[in-house]
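Topology and contacts: notes
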Amino acid sequence: MSPVPFAPLQEIPVTDSPYVLLFGGAYLLIVLAIGVWGYMQTESTADFLITGKSIGTWVLALTAFSVIQSGFGFVGGPELVYSFGTTALWIFFTAPLGFVITWVLLAKRMRLLADIRDVMTLADGMYVRYESAWVRGLTAVAVIVGVMAYLATNLAALQYVMRAIFGLPVMWGLLIGALILLLYSMLGGMIAGVWTDFVQAITMIVGSLFVFAFALSFGGGMGSISRNLATADPAFVSPFGAMGAPAATIFTALGWWILFSVGAAGQPHLITKFYMSRNLKILRWGAPIAAATYAISSLLAFSTGLSMRAMVEAGQTAAPKSASVVGPVFVLEHTPGVVAGLILAALLAAIMSTSDSFLNIGAAAVSRDIPRALGRPIEDDKTELRVTQAALAGLTIASTLIVFYSQTLVGILGTIGWGFFAAAFFAIAALGLNWKGATKEGAIAALLGGLGVNLFYSAVPRIAETAGFAGLSEAVSGLYPFPGSFPVGTVALLVAIALFIGVSLVTQERQTVPEDIAILLEG
């Protein structure tokens, strides 16, 4: 959810606790066992990509929460709270609304699409909605680019987490972690991914509650934590003070709120989960369950960030080498080994299970969406399944090589994250499936505009700087019309929405909607 969220993780200390080794090893064995079980359940491409529409309410909700929380809640969350105090909490208090928005706009319609048409991917759904090979192709390309970005940053984190748990050299942590990820992803597909997400979610919830209790105790309770923070700097306990001028911070907070909450409905690894639900009835309670569990898991970031900052300011503990490792360092140094083992296993799970979700949607884009966009679909289901598995292996190997050979490229890809998917897909999916007047021309304009803004302001400056063109990098950054703290992803998202609506209104006269899709949009 944040650009390059795991870059300084090499500063996590290597554990010497047998409990951390036990929990980490047990988790990897569970993952492989789930992969083998998933392989036994997989007979078709539909089984591999959308679990044969077999998952129930709690599994759907907890899977949705876990793929969104990912490693961010264990690394980026504590970092934000440690750096900015209570000012950062608006993210965690508003982000759960994203699940409500996503469920309201998309849950029923995405699930109905899976019933009335042969859809297994986001690009499938967008083709059915707009009847355009261009929309299908652009959707697939955006998915592949975003997946590569997420995979590279997650694998970069995985190598250091493997080192912290097992004491492995970083290179071996990367290779072994990637191999395990590849094995269970190729074996079990989305069935394995969903159940791994479920295990991860339970682990995160239980671990977060334990850490919350230990963190409050470590800081002497909320009263003591608040006094220490206020004494150091009153801005640490203010709603909008620690990030600069309150007016500018409110503006920035609004931008991040839009990106985290509204942008959730554009994340393909979340919204394609609706294809998998057993029936429409189980969707009813998914949003509140996902939102509540996300809020519970955020207690870890809230408590560790505030408690560590309060104790550092009071001179009771040493400051961590980097704010980005506050969460893992607190868990390793200030909680019992059993809790530390549980949390480090959860961090490992968060990285690997989210990577699995990305791998599956990326592989499907390669094997299913691109060929169909080019008018050359793979007709045989078994062949399509094997090509999907081969594409999955290819994406894993490519991302591993990127991490192994080029941390610079990882950094550039890391600028393409949550905001990239939000800008690409919110308008065409969330708005397009709720508005009969949306047109394929509007969808193409939104895709190109949203992706263009994101790439121009996020990736181009990094590429130019890396290539030695500092002047070009500064010039492009200087064209950004908002403060640097205002997320580029939000600007791209708003541009995509404006283009989608504007172009659709202009081109509505040429729009026709199939009867079954029109009924779905009305209902």
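The notes below deal with the structure included here.

**Let's talk about the overall build of the protein chain**
Along the protein chain, the regular secondary structure elements total 22 helices and zero strands. Computed over C-alpha atoms, the radius of gyration of the protein chain comes to 22 Å, within 12% of the 24 Å expected from 2.2 N^0.38 for 523 residues, which places it in the range of a compact globule. For the protein chain, the spread of C-alpha atoms along the principal axes amounts to about 70 × 55 × 50 Å. Within the protein chain, the fraction of its 523 residues that count as buried is 60%. Contacts in the protein chain between residues at least 24 apart in sequence constitute 85% of all its contacts with a sequence separation of at least 6. For the protein chain, the computed accessible surface area is about 18,800 Å², with 68% contributed by carbon and sulfur atoms. Treating the 24 positive side-chain charges of the protein chain as one cloud and the 26 negative ones as another, the clouds have centres 5 Å apart.

**Describing helix H16 (residues 381–405)**
Helix length check: H16 (25 residues) gives 36 Å between terminal C-alpha atoms against 36 Å at 1.5 Å per residue, within 8%. The N-cap of H16, judged by a side-chain oxygen 3.4 Å from the amide nitrogen of Lys382 a few residues on, is Asp380.

**Points about the environment of Val128**
Tracing the backbone shows Val128 in helix H7 (residues 122–130). Every residue in contact with Val128, bar those within four places of it in the chain, is listed here: Leu113, Arg117, Val119 and Ile517.

**Details of the pattern of salt bridges**
Evaluation of the coordinates by the stated rule reveals eight salt bridges. As a salt-bridge pair, Arg136 and Asp124 come within 2.8 Å of each other at their nearest N and O atoms. Separated by 12 residues along the polypeptide, Arg136 in helix H8 (residues 133–166) and Asp124 in helix H7 bring together distant segments of the chain. Of the residues examined, Arg136 reaches a relative accessible area of 6% and is grouped as buried. Overall, the relative accessible area of 3% leaves Asp124 in the buried class. Salt bridges here are not isolated pairs; linked through shared partners, they connect Asp118, Asp124, Arg136, Arg368, Arg372 and Glu384.

**Topic: helix H14 (residues 326–334)**
Of all nine residues in H14, seven are buried, a share of seventy percent or more. Regarding H14, the residues found buried are Val326, Gly327, Pro328, Val329, Phe330, Val331 and Leu332.

**Description of a nonpolar patch on the surface**
A cluster of nonpolar side chains, namely Met171, Trp172, Leu175, Ile176, Ile397, Leu401, Phe404 and Tyr405, defines an oily patch on the protein surface of about 780 Å² accessible area. Its place among the elements puts Tyr405 in helix H16.

**Description of unusual backbone geometry**
Notably, Glu131 is not glycine yet its phi reads approximately 50°, a positive angle. Its location among the elements puts Glu131 in the loop between H7 and H8. For Glu131, a relative accessible area of 43% corresponds to the partly exposed category.

**Topic: the environment of Ile180**
Among the structural elements, Ile180 can be located in helix H9 (residues 170–219). Sequence separation between Ile180 and Val31 is 149 residues, and the spatial gap between their C-alpha atoms is 8.3 Å. Once you skip the residues sitting within four places of it in the chain, Ile180 turns out to touch Leu28, Val31, Leu32 and Met352.

**Brief notes about the packing of helix H18 (residues 418–431) against helix H19 (residues 440–466)**
Between H18 and H19, the shortest axis-to-axis distance is 8 Å and the interhelical angle comes to 165°. Classified by the angle their axes make, H18 and H19 are roughly antiparallel. Judged by the sense of rotation from one axis to the other, the crossing of H18 with H19 is right-handed. Facing H18, whose interface residues are Gly419, Phe420, Ala423, Ala424, Phe425, Ala427 and Ile428, H19 presents Ala443, Ala446, Leu447, Gly450, Leu451, Asn454 and Leu455.

**Side note on the environment of Pro234**
Position of Pro234 among the secondary structure elements: in the loop between helix H10 (221–232) and helix H11 (246–261). Put simply, Pro234 and Ser504 are 270 residues apart on the chain and 49 Å apart in space, counted from C-alpha to C-alpha.

**Considering the packing of aromatic side chains**
Taken as a whole and assessed by the stated rule, the structure comprises 17 aromatic pairs. Look at Phe456 and Tyr457: their rings are 5.1 Å apart centre to centre, the planes differ by 75°, and that puts the pair in the edge-to-face class. Residue classification places Phe456 among the partly exposed residues on the basis of a relative accessible area of 33%. Aromatic pair Tyr480 and Phe482: ring centres 5.8 Å apart, planes at 65°, arrangement edge-to-face. Each member of the aromatic cluster is reached from another via a ring pair, and the members are Tyr150, Phe358, Phe420, Phe421 and Phe425. Of note, Arg136 hangs over the ring of Tyr127, and the distance from its end group to the ring centre comes to 4.2 Å. Sitting over the face of the ring of Tyr82, Arg309 holds its NZ or CZ atom 5.0 Å from the ring centroid.

Criteria and thresholds
- Along each chain, residues carry numbers from 1 onward, in the same order as the chain's sequence is written.
- The predicted origin of the model limits local features to residues at a pLDDT of at least 70 and limits the giving and counting of side-chain atom pairs to 80 or more, whereas totals for whole chains, interfaces and linings rest on all residues.
- Hydrogens and water molecules were not included; the side-chain quantities draw on all heavy atoms of the structure.
- Per the convention used, a helix needs a DSSP run of H or I reaching at least four residues, while a strand needs a run of E reaching at least two, with both numbered from the N terminus.
- Note on method: radius of gyration uses C-alpha positions; expected globular size equals 2.2 Å times residues raised to 0.38.
- Accessibility here uses a 1.4 Å probe with only protein chains present; expressed as a share of the type maximum, an area under 20% marks a residue as buried, one over 50% as exposed, and anything in between as partly exposed.
- The contact rule is simple, with two residues in contact once any of their heavy atoms fall within 4.5 Å.
- Per-residue and other accessible areas follow the Shrake-Rupley method at a 1.4 Å probe size, with only the shown protein chains counted as cover for residues.
- By the counting scheme adopted, Arg and Lys are positive, Glu and Asp are negative, and His together with the chain ends is not counted.
- Here the site of a charge means NZ on Lys, CZ on Arg, CG on Asp, or CD on Glu.
- Expected helix span is given by 1.5 Å per residue-to-residue step, counting one fewer step than there are residues.
- N or O atoms within 3.5 Å of each other form a polar contact, as long as, within protein, one can give a hydrogen and the other can take it, and as long as residues adjacent in sequence are counted only when both atoms are side-chain atoms.
- In what follows, salt bridge is the name for a side-chain nitrogen of Lys or Arg lying within 4 Å of a carboxyl oxygen of Asp or Glu.
- Candidate patch residues must exceed 30% relative accessible area and have no salt bridge, after which like charges are joined if within 9 Å and Val, Leu, Ile, Met, Phe, Trp or Tyr side chains if within 5 Å.
- Interaxial angle, 0 to 180 degrees, is taken between N-to-C directions of lines fitted to C-alpha atoms, where a helix line uses only the stretch in contact.
- Any angle from 65 to 115 degrees is called roughly perpendicular, while one under 35 is roughly parallel, one over 145 is roughly antiparallel, and all others are oblique.
- Handedness of a crossing follows from how the near helix is turned relative to the far one, being left-handed for an anticlockwise turn of less than a right angle and right-handed for a clockwise one.
- The rule is short: rings of Phe, Tyr and Trp, with Trp giving its six-membered ring, pair when the centres are within 6.5 Å, and they are stacked under 30 degrees, edge-to-face over 60, tilted in between.
- We count a charge as sitting over a ring when the NZ of a lysine or the CZ of an arginine lies within 6 Å of the ring centre and within 35 degrees of the ring normal.

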